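Coordinate inspection notes
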Amino acid sequence: MSGTAGTAICLLRCDLRAHDNQVGAPRVSVGPAPLVGRVRRDSPASRPAALTARSVFLQVLHWAQHNADFVIPLYCFDPRHYLGTHCYRLPKTGPHRLRFLLESVRDLRETLKKKGSTLVVRKGKPEDVVCDLITQLGSVTAVVFHEEATQEELDVEKGLCQVCRQHGVKIQTFWGSTLYHRDDLPFRPIDRLPDVYTHFRKGLESGAKVRPTLRMADQLKPLAPGLEEGSIPTMEDFGQKDPVDDPRTAFPCSGGETQALMRLQYYFWDTNLVASYKETRNGLVGMDYSTKFAPWVLFELLWRDYFRFVALKYGRRIFSLRGLQSKDIPWKKDLQLFSCWQEGKTGVPFVDANMRELSATGFMSNRGRQNVASFLTKDLGLDWRMGAEWFEYLLVDYDVCSNYGNWLYSAGIGNDPRDNRKFNMIKQGLDYDGNGDYVRLWVPELQGIKGADIHTPWALSSAALSQAGVTLGETYPQPVVTAPEWSRHIHRRPGGSPHPRGRRGPAQRKDRGIDFYFSRKKDAC
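In the nomenclature of an unreviewed UniProt entry, the protein chain corresponds to MYD88 innate immune signal transduction adaptor from the organism Taeniopygia guttata. Listed under Sequence similarities (unreviewed entry) in UniProt, the entry text for the protein chain is "Belongs to the DNA photolyase class-1 family."

Below, the structure written as structure tokens:
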């Protein structure tokens, strides 16, 4: 321990946990502080501030423990995160993610209290809150935080650096939001990052290592004398109501590290479900078909890393209408079509089921996300940013780099090595929900339709619809669009060939895994 007197403020943003944190070399600025770090355009707390892949919180705390007498873990509820999105002014943070965030903040406070500290909580812009604390305490010698990848955090960090420069306070930063550290990539400078994920993955496998982890001290340094921890706000403080729990949800979990560790224990050791992950990950119904780690930490860590490094490479271009490939595509901005997609009233049952699940629970399977994104961009031809901003509002596990990276990918203007990739909604429904159980769960007005026919109600006879209690255009919408390629699958058995209607057997879903992404067959999607 250096014995340096003073107080260190540990500003937490997207790192509300204490476990599994890698050791990283800090970036230091002493006295007048230049701008540090790389940051993202989108709001840090508008995505799940619960857990990131290799959270930097412990790095920040570890440094403060060794360089200050008093340590202030600080989380700010930034009012900018609860305003409108950049392009279409949709709400930035919806009720599902807000509740998850509040639960995460409460959980971390309890964890820190067991270590002799606590989490200081304030409402306000981080740069303003930090300025007030520096003035109030008179003993702050350092402000410590982690670096991010896109623009809005750049603005926050710029403000923090200005405040610290004015008060002669040191800025100390770390990189810790990826499994592989930025400085350990075999692609340096970042301009050399491959534009195809497979090349990125192979490069890491042959030339990079994951850094070791840190462990939290048994006893943490106390807060500065006289500093109050502050109350944790409620949903009502943000003008939102606590969302109603839906018994159909595939994600009945709460925010916070404690819940995350319980899920980890259950999935890996209590049930060994991880052994069958490859075979079940494209499921749609229930808790156990996939890890459900995403709101705490995205399971496909390399994909998550990749999109974060793509954001570092391309900067603001990941938010550009023309995307990374600078393509001029005549995107539509039809708000009526967009509303049908938002509300799950497109008349395409597989799309509608996924969109209704998202609205009701804040969760959607990876399979569903790919399909509804393809439908919005390729079948409806709508501006991909409309979908990206709607996901930002609703997803519990929203992550700015992964969200925008995936939407660019779906829109055909990102890192997809294959041109004009398009999902066939009917084929996808038959492949992954062959008997229609998932659609039946979320689109109850179609429950009377038996088997796989539920995926194409417009193709049924009037008599069949009447028997099922369905009136298209009244009890369920006519499809807002029908793609010509869908017709090849309307009379197909799930997982089989076309056959007369009414003689379908049970679903025979076969996991396609990574083969799906690299299939060269014309009908792969």
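The next point concerns the state of the cysteines. Summed over the entire model, instances satisfying the criterion amount to zero disulfides. With no disulfide of its own, C164 has C161 as its nearest cysteine by sulfur position, at a separation of 6.7 Å. For C164, a relative accessible area of 0% gives the class buried.

Moving on, we get to the pattern of salt bridges. Applying the stated criterion across every chain yields a total of 27 salt bridges. In this structure, E148 and R308 form a salt bridge, with 2.4 Å as the shortest nitrogen-oxygen distance. Of the two residues, E148 sits in the loop between β6 (140–146) and α4 (151–167) while R308 sits in helix α8 (residues 301–314), which places them 160 residues apart along the sequence. Accessibility classification places E148 together with R308 in one group, the buried group. Look at the salt bridges and you will find they share partners, linking E148, R304, R308 and D399 into a network.

Between helix α11 (residues 366–379) and helix α12 (residues 384–394), the shortest axis-to-axis distance is 9 Å and the interhelical angle comes to 145°. Read as a crossing pair, α11 and α12 show a hand that is right-handed. Residues R369, V372, L376 and T377 of α11 lie in contact with α12, whose contacting residues are W384, G387 and F391. When the residues that make up the contact of α11 with α12 are grouped by side-chain class, the tally is four nonpolar, two polar and one charged.

The omega angle of the peptide bond from R188 to P189 is 0°, so this bond is cis rather than trans. Along the chain, P189 falls in the loop between β7 (170–174) and α5 (197–207). Look at R89: it is not a glycine, yet its phi comes out positive at around 55°. For R89, the location among the structural elements is in the loop between β4 (70–77) and α2 (95–113).

Here the focus is the environment of E257. Mapped onto the secondary structure, E257 falls in helix α6 (residues 257–270). With 146 residues separating them along the chain, E257 and T111 place their C-alpha atoms 8.9 Å apart.

Turning next to the packing of aromatic side chains. Throughout the structure, instances matching the rule amount to 24 aromatic pairs. Their ring planes at 40° and their centres at 4.9 Å tell us that F200 and Y306 sit as a pair that is tilted. In this pair, F200 is assigned in helix α5 and Y306 in helix α8, connecting sequence segments 106 residues apart. For the residue pair F200 and Y306, the accessibility class agrees, reading buried in each case. Between W341 and W407, the aromatic rings sit 6.1 Å apart at their centres with planes inclined by 75°, giving edge-to-face as the arrangement. Of this pair, W341 sits in helix α9 (residues 335–343) while W407 is found in helix α13 (residues 400–411), placing the two residues 66 residues apart along the sequence. In this structure W341 comes out as buried when scored by relative accessible area, which is 0%. Every member of this aromatic cluster is reached through a ring pair, and the members are W175, F187, Y197, F200, W303, Y306, F307, F309 and Y409. Above the ring of F238, the side-chain terminus of K123 is found at 4.8 Å from the ring centroid. Directly above the aromatic system of F363 lies the positively charged group of R369, at a separation of 5.9 Å from the ring centroid.

Once that is clear, we can look at the UniProt feature "binding site: FAD" (unreviewed entry) in the protein chain. Within this structure's numbering, the places UniProt gives as "binding site: FAD" (unreviewed entry) are Y277, D397, Y398 and D399. Its location among the elements puts Y398 in the loop between α12 and α13. For Y398, a relative accessible area of 0% puts it in the buried group. As for its position among the elements, D399 is in the loop between α12 and α13. Classification of D399 as buried rests on a relative accessible area of 5%. Looking at D399, its side chain comes within polar contact range of the side chain of R304, at 3.4 Å.

Across the eight residues that make up β4, a large majority, seven, are buried. The pairing of strand β1 (residues 7–12) with β4 spans six bridges and is parallel. When the sheet's bridge partners are listed, L11 is paired in β4 with L74. Once the chain exits β4 it traverses α2 before rejoining the sheet at strand β5 (residues 120–123), and the crossover so formed is right-handed.

What follows deals with the pairing of β5. Bridge count for β4 against β5 is four bridges, and the pairing is parallel. For C76, the partnering residue across the bridge sits in β5 and is R122.

As for its position among the elements, K125 is in the loop between β5 and α3 (126–137). Considering only alpha carbons, one finds K125 and D78, 47 residues apart in sequence, at a separation of 4.8 Å. If we skip the residues at most four places from it in the chain, K125 touches D78, P79 and R80.

With that out of the way, let us pick up α3. Look at α3: 16 Å from first C-alpha to last across 12 residues, which is about the 16 Å you get at 1.5 Å a residue. Residues of α3 that are buried make contact with β1, β4, β5, β6 and α4. Following α3 by one or two positions, G138 adopts a phi angle in the positive range, close to 70°.

Here we come to the nonpolar core. Counting 61 residues, the largest nonpolar core has F200, I318, W341, W384 and W390 as its most contacted members. Listed by contribution, the elements that provide at least two residues to this core are α5, α8, α9, α10 (349–361), α11, α12, α13 and α14 (425–432). Among all residues touching F200, those that are not within four sequence positions of it are L185, F187, L193, P194, L302, D305, Y306 and F309. Counting residues in hydrophobic clusters, the runner-up holds 29 residues, among them A8, L61, A68 and F77.

What follows covers the side chain of T85. For T85, the location among the structural elements is in the loop between β4 and α2. Polar side-chain contacts of T85 include one of 2.6 Å to the side chain of E389.

What counts, and at which threshold
Residues numbered from 1 in each chain as written. Predicted model: local features only at pLDDT ≥ 70, side-chain atom pairs only at ≥ 80, totals over all residues. Heavy atoms only, no water. UniProt positions renumbered as here; feature names shortened; annotations may be inferred. Disulfide = S-S within 2.5 Å. Buried < 20%, exposed > 50% of the residue type's maximum accessible area, 1.4 Å probe, protein only. Salt bridge = Lys/Arg side-chain N within 4 Å of Asp/Glu carboxyl O. Helix = DSSP H or I, 4+ residues; strand = E, 2+ residues; numbered from the N terminus. Axes fitted to C-alpha atoms, helices over the stretch in contact; angles between N-to-C directions. Left-handed = near helix turned anticlockwise from the far one by under 90°. Contact = heavy atoms within 4.5 Å. Nonpolar A, V, L, I, M, F, W, Y, C, P; charged D, E, K, R; others polar. Phe/Tyr/Trp six-rings, centres within 6.5 Å; stacked < 30°, edge-to-face > 60°. Lys NZ or Arg CZ within 6 Å of the ring centre and 35° of its normal. Polar contact = N/O pair within 3.5 Å; in protein donor to acceptor, adjacent residues only side chain to side chain. Pairing = 2+ DSSP bridges. Right-handed = clockwise from strand over helix to strand, strands pointing away. Expected span 1.5 Å × (residues − 1). Core = buried A, V, L, I, M, F, W, Y, C linked by side-chain atoms within 4.5 Å.

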